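Secondary and tertiary structure notes
Take a look at the letters that make up each chain.
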Amino acid sequence: MERLKTIDKRYPAIKYFVLFFVYLMLVNTTYVAEFKPWNISVVTLSYHMTDYKLGFTSTFIIGEIYHLLFKKVNPQQVAIYESVILIALFVITSIVLAKIVSSYKEKTDRKYLAIFFIFFLTGPCSFSIFVTQLGMIDIYIVIFALAGLLCLKNKYLKFGIPFICILLLLVHLSTLFTAIFLLWLLLLYLIADTYDKKQKKTYIVILIVSIIVTGGFVVYLSLTSTSNLTYDLEGFVKEFHRRYQENGCEELYYDMYHRERFYDDYVVNGKNWKQAYPIEYFMPKLADKIPGFIASPLAYLLSEIKYNIKMFTLLDVFLALLIVVFLITLPMIIFFLKLWIRLFKATDNKLKRFVYLLMMASLFLPTTIGMLFSIDSNRWAVFAILINFSAYLFIVKKEEIAKNLAVSMLSKIKPQYLIAYLVASALFVPHPYFFSFSALS
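Let me begin by describing the structure that accompanies this report. Position labels on residues start from 1 in each chain and follow its written sequence. Only residues with pLDDT of 70 or above have their local features reported here, since the model is predicted, and side-chain atom pairs are shown and tallied only from 80 upward, although totals for entire chains, interfaces and linings are computed over all residues. Note: side-chain values were computed over all heavy atoms of the structure, leaving out hydrogens and water.

Further remarks concern the side chain of Ser58. Runs of E in the DSSP output that reach at least two residues are strands. Runs of H or I that reach at least four are helices, and both are numbered from the N terminus. Along the polypeptide, Ser58 turns up in the loop between α4 (42-49) and α5 (60-69). A distance of 2.9 Å separates a polar atom in the side chain of Ser58 from the backbone oxygen of Leu169. For the purposes of these results, a polar contact is taken to be a pair of N or O atoms within 3.5 Å, where, inside protein, one atom must be able to donate a hydrogen and its partner to accept one; residues adjacent in sequence count only when each atom of the pair is a side-chain atom.

Position of Ser103 relative to the elements: it lies in the loop between α6 (75-102) and α7 (107-121). Separated by 91 residues in the primary sequence, Ser103 and Pro12 have C-alpha atoms spaced 8.7 Å apart.

Once that is clear, we can look at the nonpolar core. Soluble, globular proteins show a tendency: their nonpolar side chains are buried together. If you look at the biggest cluster of nonpolar residues, it comprises 119 residues, and the most contacted ones within it are Phe20, Phe116, Phe117, Phe336, Trp340 and Tyr392. It is helix α11 (residues 179-193) that contributes the most residues to this core, 13 residues altogether. Contacts are assigned to residue pairs with any non-hydrogen atoms lying within 4.5 Å of each other. The residues contacting Trp340, other than those within four sequence positions of it, are Tyr356, Met359, Met360, Asn388, Ala391, Tyr392 and Ile395. Only buried Ala, Val, Leu, Ile, Met, Phe, Trp, Tyr and Cys residues count toward a nonpolar core, and they belong to the same one when joined by side-chain atoms within 4.5 Å. Each residue is assigned to one of three classes by its accessible area relative to the maximum for its type, calculated with a 1.4 Å probe on protein chains only: buried under 20%, partly exposed between the two thresholds, exposed over 50%.

Another aspect to go through is the side chain of Thr122. Mapped onto the elements, Thr122 comes out in the loop between α7 and α8 (128-132). In this structure the side chain of Thr122 is engaged in a polar contact, spanning 2.7 Å, whose partner is the backbone oxygen of Ile118.

The salt bridge criterion pairs a side-chain nitrogen of Lys or Arg with a carboxyl oxygen of Asp or Glu, the two atoms within 4 Å. In the structure shown here, the tally under the stated rule is nine salt bridges. Where Asp193 meets Lys398, a salt bridge forms, and the shortest distance between an N and an O atom there is 3.6 Å. Here Asp193, found in helix α11, pairs with Lys398, found in the loop between α21 (377-395) and α22 (400-411); they are 205 residues apart in sequence, far enough to count as distant. Classification of Asp193 as buried rests on a relative accessible area of 18%. Overall, the relative accessible area of 42% leaves Lys398 in the partly exposed class. A salt bridge links Lys403 to Glu400; the nearest nitrogen and oxygen atoms lie 3.0 Å apart. One end of the pair, Lys403, and the other, Glu400, are both in helix α22, three residues apart, so they sit about a helical turn from each other. Judged by its relative accessible area of 46%, Glu400 is partly exposed. Within the structure, one salt-bridge network assembled from shared partners comprises Asp51, Glu239, Arg242, Arg243 and Glu246.

Pairing of aromatic side chains requires ring centres within 6.5 Å, counting the rings of Phe and Tyr and the six-membered ring of Trp. Pairs whose planes differ by under 30 degrees are stacked, by over 60 edge-to-face, and all others tilted. The final tally for this structure, using the stated rule, is 18 aromatic pairs. Ring geometry for Trp340 and Tyr356: centres 6.1 Å apart, planes at 20 degrees, overall stacked. One end of the pair, Trp340, is in helix α18 (residues 316-346); the other, Tyr356, is in helix α19 (residues 350-362), with 16 residues separating them in the sequence. Residue Trp340 is classed as buried on the basis of its relative accessible area of 1%. For Tyr356, a relative accessible area of 2% corresponds to the buried category. Each member of the aromatic cluster is reached from another via a ring pair, and the members are Phe20, Phe116, Phe117, Phe120, Phe335, Phe336, Phe389 and Tyr392.

Given below as structure tokens:
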């Protein structure tokens, strides 16, 4: 017992690491039991079937990394591989949170910060989404974003931020509105918070280079998303079929994406293509009204928005899910709004004020964009919270208000209410068909 007390005094972070890691593992057993993620989904499997032999475009990096490590692609191996990545993410997250909590001397500060971090680790806007559908692109976005945050904290690695932005775009172009947006905001914050002129200029150069590189790469990927592919549409689908056969997954191939919402939308050359994953790379060629993505990018974007609005009216389950996710996440949204407003009022630095305004917008921007371009808007809601929580971790040691607000708000709430909220969040199953308006009516 005395030895444990000695370890606790010398290495206080260990206790908190164990707390956060064990909590993460336990709270996510709810989702494991419900979704059985070891039964890897065909969506996830498809990402791992791709590589740069098929062409150079967004999302293929996931399969490329996998193929560097393994030759075969089968559901069981992918499930183990992705489980290891997820647990590694849990470990890294627990280490970061434990270091922050243990850095405070006051027991009260440690106690309430630990509770606040547990709030974040619970519920539909935390890591549960990675458990419900193991191996989706979201986890790679978080990993590369985390790498970016660590780079910002390092004297030399911060020059790698433009490269991190490229990696994020290779995972998905939507990262421009989530993880890349976060990195740019934090660079702006560092510019505003740094008084050393040489250091300030360094951050300004990194930000400008990142914006130029990111903008150029977005344009490149947008204009060449189809032309960079090795095959035409029919050849692409045949190659996918061959890869499924080669890996003994042909049955899964025939089950791939047979969803009603795809039936009328993917008709090319008189054929109805139901395999959505290969098809998405040929989207610019699918609508007869659009002469081509390069010729009319605005028309293409407007058609995507129109399509997704239509799907929201047809698939009430996604709207129901978004509403429930919003209600459960409301305490976190209120906290972050209060935080950025207080920080905004507490400073006269105009650039910092601009950063705090953008942080307020980031609570709603990803989800709003997600509703326009994707029916999986609950995934975008996750990134809205992740952006704000990451920013909080980044500034908490620099801004006393950030720590004090968490302590003061949580200390006023009765323990039974805190427990009830955590239980409700932990038991919520973030699946679109679990909360359907039609099912509830």
